[in-house]
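# Structural features, examined
Residue strings, one per chain:
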Amino acid sequence: MSYLLRTLTKKEEVDSMIRDTIDKLLVLRFGRSSDSVCLQLDDILSKSERELSKFASIALVDVDSEEIQVYIKYFDITLIPSTVFFFNAHHMKMDSGSADHTKWVGAFHRKQDFIDVVEEIFRGAMKGKLIVKCPLPPERIPKFQLLYKDV
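The rules behind the values
- Residues numbered from 1 in each chain as written.
- Predicted model: local features only at pLDDT ≥ 70, side-chain atom pairs only at ≥ 80, totals over all residues.
- Heavy atoms only, no water.
- Core = buried A, V, L, I, M, F, W, Y, C linked by side-chain atoms within 4.5 Å.
- Buried < 20%, exposed > 50% of the residue type's maximum accessible area, 1.4 Å probe, protein only.
- Helix = DSSP H or I, 4+ residues; strand = E, 2+ residues; numbered from the N terminus.
- Expected span 1.5 Å × (residues − 1).
- Polar contact = N/O pair within 3.5 Å; in protein donor to acceptor, adjacent residues only side chain to side chain.
- Contact = heavy atoms within 4.5 Å.

What follows covers the nonpolar core. Of all hydrophobic cores here, the largest spans 29 residues; its most connected members are Leu-25, Phe-85, Phe-114 and Val-118. Where this core is concerned, the elements lending two or more residues are strand 2 (25-31), helix 2 (36-52), strand 3 (56-62), strand 4 (82-87), strand 5 (90-95) and helix 4 (111-126). Examining the composition of this core, we find that 7 residues originate from one element, helix 4, more than from any other. Formed by 17 residues, the second largest nonpolar core is a distinct cluster that contains Leu-26, Ala-59, Val-63 and Val-84.

What follows is the structure in structure tokens.
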């Protein structure tokens, strides 16, 4: 389903998408089109795109592209898929109970979970917030362990 969504492979494309998406939430999925978990998430994203089109734009970012490595390092994307949210060029964060509020790691369990998260972040952004609380119950939030180097 990743062929239904716009795929960004250059830093300039990501920059312009972040800069030019105004009054809409921008959802960037960092991952590979060959990864099974990414394909599961892509399926949810493509099925949700039409319902969210009035207040959200969705794009895929290919982590294997050499030009994208700046963003991979900046957002510390070590696990894929990772989903990052922006509103009016501001990085939106979400407290999902994990130590990392900068991105959503993993796939959503179902389409409605993704829609709920996007709506919550959009509502918070419209109120001027840069971080919102995750609307999903803890059992539907992917769990992962953060490992810190040289600590």
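Moving on to helix 4. Between its first and last C-alpha atoms helix 4 spans 23 Å; for 16 residues at 1.5 Å apiece the expected length is 22 Å, and the two agree. Inspection of helix 4 places Asp-113, Phe-114, Ile-115, Val-117, Val-118, Ile-121, Phe-122, Gly-124 and Ala-125 among the buried residues, and these make up the whole buried set. In the segment just after helix 4, Gly-128 is the residue with positive phi, at about 90°.

In this fold, Ser-48 is placed in helix 2. Within the structure, Ser-48 has its side chain in polar contact with the backbone oxygen of Ile-44 (distance 2.7 Å). When near neighbours in sequence (up to four residues on either side) are disregarded, Ser-48 contacts Lys-111, Phe-114 and Ile-115.

Three- or four-residue spacings in an α-helix give side chains the same orientation, since the helix completes a turn every 3.6 residues. Across its 17 residues, helix 2 extends 24 Å between first and last C-alpha, which sits within 8% of the 24 Å expected from 1.5 Å per residue. Regarding helix 2, the residues found buried are Cys-38, Leu-41, Asp-42, Ile-44, Leu-45, Ser-46, Ser-48 and Leu-52. Among the structural elements, strand 2, strand 3, strand 4 and helix 4 are those in contact with the buried residues of helix 2.

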